[in-house]
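# Residue-level structure breakdown
Each chain is listed here by its residues.
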Amino acid sequence: MSIDFNLSADQIALRDGARAFANTVLKDVRKTIAKYSKPDERFYAIKPFFEQGVDAGFVKALIPREVGGTDIATLDFALAAEELTCIDVNVPSALLGSGLCIKPVAMFGSEEQKKRLLTDFVEDGARLGALAFTEVTGGANFDSPDPRFGVKTFATLEGDEWVINGEKHYTTNGTGWDGKHCHLYAVVCRTDATKNAEESLAVIMVPGNAPGVRVTGLLDTIGHRATISPRMAFENVRVPANNILGKPGDGIKIVSTNFAWTAALIGAACVGVMRSAYDYALQYARADSRSGPHPIIEYPTVGYMLADMKMKIEACRYMTWKACHQYDQSKGAEHELAVMTKVFCSETCVSVVYDAMRVVGVDSYTDMHPLADLMNDAMCFPLYDGGNMGARRRNLHSIIKNPSYDSLTAPYATFGA
């Protein structure tokens, strides 16, 4: 039986629907946020676009069917994500931010937790979720085997409540739409300062309106201009004991599985941004002669560069499809290909956008063309969601050095039902 890359009728409809949504709705995001100088103002300005995304079903796609969602496969979500990010990265980033909060509950929560914590997002998908993961000192060593290091947000069990104290930043969506808090946080913490991550790392769900949840500052980013990245404080925040997902020590698996999901999908976002840059450079090369006798696409240097760009885009697309498919088949257990996809596609994205800028020339570094903005968006991909240099290559190193590692796992892994 051959390997089949044909999309089903439903997948084609999803892709085409996402493309139409992006071209009719998201096309106005960039000019809308350009009016604002502050990061929170830019973020609030995308709310109407996000709400239209809710109406289109993108939030329900993240939620299990048993509580009213549509729970589409990661591969299908990637098809939509590529189309959305080809036009705008900001609204999809807000969707991904909510997904980072929703997916841990969907994959590791009890049936009671899914119903209690996720039904609100079905009723009103404009509510935002956030993953409170990154410590103010960094997040790469969240799974440190030495209890002196790693996560410094702690949850103490007092009777039938967890009491949470700590500070986080890069908490995407953390301000909510009102600037105070989002609807729900998945807080990565440790339950015992004397125990390491394997024994104490936990993910505890915190309602946004819980006393002690506070926005303490905003980080302004050079790209992804309407993605909100607040610093958050959790000060004696009390939540029910049954808001923990699994038990202390399960946090490593939950966090790693969660970030493998986004790693695979970031590949699709990178393809979207590369497509946007490539299409612009291609049209420019066909139309502009730079005061020469014919359009610059006629020159071999430009033609070869465009050909190389297109090959890289296609390679990243199919690597992303494979990673998403494998993540779905393994029910989130296989992480190697997802992490490789994040690293490879994000670094390739920077290269492709730069090549598009070289085709256009120095004018691409001005606001006469969209390429400088696209480069700022592309530069984020290797740095966020677990930076490639620290967290992601460390992930791969840990997988590779495991005595049970098989070098054929990523390309040929198969999984039972």
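For the structure given in this document, a descriptive report is provided here.

Each value, and the rule that gives it
- Residues numbered from 1 in each chain as written.
- Predicted model: local features only at pLDDT ≥ 70, side-chain atom pairs only at ≥ 80, totals over all residues.
- Heavy atoms only, no water.
- Helix = DSSP H or I, 4+ residues; strand = E, 2+ residues; numbered from the N terminus.
- Contact = heavy atoms within 4.5 Å.
- Areas by Shrake-Rupley, 256 points an atom, 1.4 Å probe, with all protein chains shown as cover.
- Lys, Arg positive; Asp, Glu negative; His and termini not counted.
- Charge placed at Lys NZ, Arg CZ, Asp CG, Glu CD.
- Phe/Tyr/Trp six-rings, centres within 6.5 Å; stacked < 30°, edge-to-face > 60°.
- Buried < 20%, exposed > 50% of the residue type's maximum accessible area, 1.4 Å probe, protein only.
- Pairing = 2+ DSSP bridges.
- Expected span 1.5 Å × (residues − 1).
- Arc of directions from axis to C-beta.
- Salt bridge = Lys/Arg side-chain N within 4 Å of Asp/Glu carboxyl O.

## Some details on the overall build of the protein
Check the secondary structure of the protein and you find 14 helices and seven strands. In the protein, of all internal contacts separated by at least 6 residues, the share reaching a separation of at least 24 is 75%. Here the protein displays about 18,600 Å² of accessible surface, and carbon together with sulfur accounts for 55% of that area. Between the mean site of the 42 positive side-chain charges and the mean site of the 49 negative ones, the protein shows a separation of 2 Å.

## Here we look at the packing of aromatic side chains
Scanning all chains against the criterion turns up eleven aromatic pairs. Measuring from centroid to centroid gives 5.4 Å for F21 and F58, while their planes differ by 70°, and the two rings are edge-to-face. Highlighted residues: F21 in helix α1 (residues 9-24) and F58 in the loop between α4 (47-55) and α5 (74-87), separated in sequence by 37 residues. Measuring from ring centre to ring centre gives 5.5 Å for F133 and F142, while their planes differ by 70°; the resulting arrangement is edge-to-face. Its relative accessible area of 10% is what places F142 among the buried residues. Three or more aromatic residues joined by ring pairs make a cluster, and in this case those are F43, Y44, F50 and W177.

## Focus on the pairing of strand β2 (residues 154-158)
Judged from the five bridges that link them, β2 and strand β3 (residues 161-168) form a sheet pairing that is antiparallel. Each bridged residue has a counterpart across the sheet, and for T156 the counterpart in β3 is V163. Here β2 folds back onto β3, and the loop between the two strands holds two residues, one of which, G159, carries a positive phi near 65°.

## Focus on unusual backbone geometry
Its identity as a non-glycine residue notwithstanding, H224 has a phi of 45°, on the positive side. Locating H224 in the fold gives a position in the loop between β6 (213-219) and β7 (229-240). Here H224 falls in the buried class, since its relative accessible area comes to 4%.

## Quick notes on the pairing of β3
Sheet topology note: the β3/β7 ladder contains seven bridges and is antiparallel. Within β7, the position partnered with I164 by the bridge is V237.

## Re α1
Its 16 residues place the ends of α1 22 Å apart at the C-alpha level, agreeing with the 22 Å of an ideal helix rising 1.5 Å per residue. Those residues of α1 that fall on the buried side of the exposure criterion are Q11, A18, F21 and A22. Along the long axis of α1, the arc covered by the buried residues comes to 95°, so they all point the same way. Turned more than 90 degrees off the buried face of α1, the exposed positions are A9 and T24. Looking at the buried positions of α1, the neighbouring elements they touch are α4 and α5.

## Things to note about the pattern of salt bridges
Taken as a whole, this structure holds 32 salt bridges when the rule is applied. Taking the shortest distance from any N to any O, the salt bridge between R19 and E83 comes out at 2.8 Å. A residue pair is termed long-range when its members are at least 10 positions apart, and R19 in helix α1 and E83 in helix α5 qualify at 64 residues. Note on R19: relative accessible area 33%, which makes it partly exposed. E83 gets classed as buried once you look at its relative accessible area, which sits at 3%.

## Considering the side chain of E336
Here E336 lies in helix α11 (residues 336-360). The side chain of E336 sits in the buried core without any salt bridge; K322 is the nearest counter-charge, 11 Å away. The residues contacting E336, other than those within four sequence positions of it, are L396, I399, Y405, T409 and A410.

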